[in-house]
Structure formats: C-alpha cells, structure tokens
Amino acid sequence: SIKTDEAYEVTTILIMNTILYALALIGIFNIISVFIARTISNPLDKLVGIIGNIANGDFNARVDPQSTSELQIVGEAFNEMIQKIQDYRDKLEDYNKTLEKKVEERTISLGRANSFIKTMVDSLAQGLLVFDKKGTCSELYTKACERLLGTKPTGRNLASLIKVEDRTTFQEWVDNLYEEMIPFD
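The shown structure was predicted, so the numbers you read here are calculated from the model rather than taken from an experiment. (Residues numbered from 1 in each chain as written. Predicted model: local features only at pLDDT ≥ 70, side-chain atom pairs only at ≥ 80, totals over all residues. Heavy atoms only, no water.)

1. Section: the pattern of salt bridges
Here is step 1 of the chain: Using the criterion set out here, one finds two salt bridges in the structure.
Here is step 2 of the chain: Close ionic contact of Lys-84 with Glu-80 constitutes a salt bridge, the shortest N to O distance being 3.6 Å. In this pair, Lys-84 and Glu-80 both sit in helix 2 (residues 70–123), four residues apart, roughly one turn of the helix.
Here is step 3 of the chain: Look at Glu-80 and you get partly exposed, because its relative accessible area is 46%.
Here is step 4 of the chain: When the shortest N-O distance is used, the salt bridge between Glu-93 and Arg-89 registers 3.8 Å. Taken as a pair, Glu-93 and Arg-89 lie in helix 2 at a separation of four residues, close to a single helical turn.
Here is step 5 of the chain: Residue classification places Glu-93 among the partly exposed residues on the basis of a relative accessible area of 39%.
Here is step 6 of the chain: Using a relative accessible area of 38% as the deciding quantity, one classes Arg-89 as partly exposed. (Salt bridge = Lys/Arg side-chain N within 4 Å of Asp/Glu carboxyl O. Helix = DSSP H or I, 4+ residues; strand = E, 2+ residues; numbered from the N terminus. Buried < 20%, exposed > 50% of the residue type's maximum accessible area, 1.4 Å probe, protein only.)

Right, dumping it as structure tokens:
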C-alpha cells in the first residue's frame with residue numbers, strides 16, 4: 001500500500017508545477033503587455049508633446065511616423081494638418097502685409113485729395129462751411145468764412161457762431177437739410 005504522503009507528493013508536485021507555469025505565463029503576459037503599452041503610449045506621448053509645441057506657435061514641429069500601424073496614419077494626418085495651418089498662416093501674413101501697403105497707399109491718396117479739396121475751398125472768395133446734423137462745424141471751411149465769422153469755426157456750433165436767436169427753427173432747418181440730401185450722382 002502507498003502511504004498518503006507519497007500519494008499526495010505527486011499531486012503536490014503537479015500543483016506546484018501548475019502554479020509555477022501560471023506565474024511564468026502571467027509574468028510573460030505582463031512583460032508583453034508593458035511592451036505593447038509602450039509601443040502605443042510612446043508615440044502618443046510624442047504626439048502630445050508636438051501638440052504642445054504647436055499650441056505655443058511652433059508650426060515647424062512634425063510627427064516622426066515610425067510604424068506601419070494606425071498611429072502612423074494619425075501622425076501623417078497630423079503632419080498634413082500642421083502643414084495646412086502653416087500655409088494658411090503664411091497666406092494670412094502675406095495678406096496682412098499687402099493690406100498694410102494698400103492702406104498706406106490709400107491714406108496717401110486720400111491725404112492728397114483732401115489737400116486738393118482744402119486748396120480749392122480756400123481759393124473760393126465766398127464763405128463756405130460744412131457742418132453735421134447737430135450743427136457742429138467740420139474742418140472744411142473757406143478762409144472767407146473764417147474772416148466773416150471772426151474765428152475758426154472747427155468744432156463749434158453754427159447757431160452759436162452766427163448768433164441764432166430761435167434755435168428750434170434753426171435746428172428744424174438743419175434737420176430738413178439732412179432729410180433731403182443732394183444726390184451727387
């Protein structure tokens with residue numbers, strides 16, 4: 001007859017071997033899972049870093065496609081997106097420079113036109129004065145007007161300058177002027 005200890009010894013060895021194999025398999029699976037996780041997380045970490053660079057204005061940063069997986073597709077699409085953003089940004093800067101130049105040219109042109117108009121107005125012998133809807137005189141007036149009024153009318157109220165007694169009637173007259181403006185077609 002076999003003793004109980006001897007009978008259980010084989011069973012104990014089998015249980016121990018099974019536990020060792022199970023632990024070995026768990027260890028191998030853990031190592032494999034860490035490797036797989038790193039192959040996914042490392043490219044994602046790099047992508048997050050590049051996104052941070054782009055958020056700080058570095059549009060020259062690019063993703064280095066290293067694998068043939070879905071992450072490579074994401075990296076290539078990301079690089080394409082960055083290139084398009086950089087192209088749009090460059091175009092916007094060019095438009096801005098062009099716009100600045102056009103504004104400068106137009107400002108010079110308007111300055112010349114205003115100077116010409118001022119010269120033409122100043123050459124008139126009659127009193128001519130431009131005022132807004134509230135009766136406030138603009139900067140456009142003739143020297144004859146300045147002589148007639150005895151002062152520069154710019155920014156002053158016309159009713160006060162010509163000493164209007166009935167301001168209500170005067171304001172109605174101004175309102176009527178602006179109600180039916182002269183067409184210059």
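Next comes the rest of the write-up.
2. Description of the environment of Gly-150
Here is step 1 of the chain: Examined against the element boundaries, Gly-150 turns out to sit in the loop between helix 3 (143–149) and helix 4 (158–161).
Here is step 2 of the chain: Spatially, the C-alpha atoms of Gly-150 and Leu-161 are 9.2 Å apart, while their sequence positions differ by 11 residues.

3. Considering unusual backbone geometry
Here is step 1 of the chain: Non-glycine residue Lys-163 carries a positive phi angle of around 55°.
Here is step 2 of the chain: By the secondary structure assignment, Lys-163 is in the loop between helix 4 and helix 5 (167–179).

4. A closer look at a negative patch on the surface
Here is step 1 of the chain: Taken together, the side chains of Glu-165, Asp-166, Glu-172, Asp-175, Glu-179 and Glu-180 define an acidic patch exposed on the protein surface.
Here is step 2 of the chain: Overall, Glu-180 belongs to the exposed group, its relative accessible area being 65%. (Patch = residues over 30% accessible without salt bridge, like charges linked within 9 Å, V, L, I, M, F, W, Y side chains within 5 Å. Areas by Shrake-Rupley, 256 points an atom, 1.4 Å probe, with all protein chains shown as cover. Lys, Arg positive; Asp, Glu negative; His and termini not counted. Charge placed at Lys NZ, Arg CZ, Asp CG, Glu CD.)

5. Looking at the packing of aromatic side chains
Here is step 1 of the chain: Counted according to the given criterion, the structure contains two aromatic pairs.
Here is step 2 of the chain: Measuring from ring centre to ring centre gives 6.1 Å for Phe-131 and Trp-173, while their planes differ by 35°; the resulting arrangement is tilted. In this pair, Phe-131 sits in strand 1 (residues 129–131) while Trp-173 sits in helix 5, placing the two residues 42 residues apart along the sequence.
Here is step 3 of the chain: Its relative accessible area of 16% is what places Phe-131 among the buried residues. (Phe/Tyr/Trp six-rings, centres within 6.5 Å; stacked < 30°, edge-to-face > 60°.)

6. Quick notes on the nonpolar core
Here is step 1 of the chain: Among the nonpolar cores identified, the biggest contains 10 residues, and these are Leu-129, Phe-131, Cys-137, Tyr-141, Cys-145, Leu-158, Ala-159, Leu-161, Phe-170 and Val-174.
Here is step 2 of the chain: Within the residue set of this core, elements represented by two or more residues are strand 1, strand 2 (137–141), helix 4 and helix 5.
Here is step 3 of the chain: Residue contributions to this core peak at three residues, all from helix 4.
Here is step 4 of the chain: Excluding anything up to four places from it in sequence, Leu-129 contacts Cys-137, Leu-140, Tyr-141, Cys-145, Pro-153 and Leu-158.
Here is step 5 of the chain: Leu-47, Ile-50, Val-63 and Ile-82 belong to the second-largest nonpolar core, a separate cluster that totals eight residues. (Core = buried A, V, L, I, M, F, W, Y, C linked by side-chain atoms within 4.5 Å. Contact = heavy atoms within 4.5 Å.)

7. Concerning the pairing of strand 2
Here is step 1 of the chain: Bridge count between strand 1 and strand 2: two bridges; the pairing is antiparallel. Residue Leu-129 lies in a different strand from strand 2, and its bridge partner there is Tyr-141. (Pairing = 2+ DSSP bridges.)

8. So, the environment of Lys-102
Here is step 1 of the chain: Tracing the chain through its elements places Lys-102 in helix 2.
Here is step 2 of the chain: Between the alpha carbons of Lys-102 and Gly-155 there is a distance of 31 Å; along the sequence they are 53 residues apart.

9. A short note on the confidence of the model for the protein chain
Close inspection of predicted coordinates is inappropriate for parts of the model with low pLDDT.
Here is step 1 of the chain: Of the residues in the protein chain, 94% have a pLDDT of 70 or more, and the chain-wide mean is 85.
Here is step 2 of the chain: Taken element by element, the protein chain is modelled with least confidence in helix 2, mean pLDDT 85, and with most confidence in helix 4, mean pLDDT 90. (pLDDT = per-residue confidence, 0-100.)

10. Some words on the state of the cysteines
Here is step 1 of the chain: For the structure shown, the criterion picks out zero disulfides.
Here is step 2 of the chain: Counting only cysteine sulfurs, Cys-145 is the nearest neighbor of Cys-137, a cysteine outside any disulfide, at a range of 7.2 Å. (Disulfide = S-S within 2.5 Å.)

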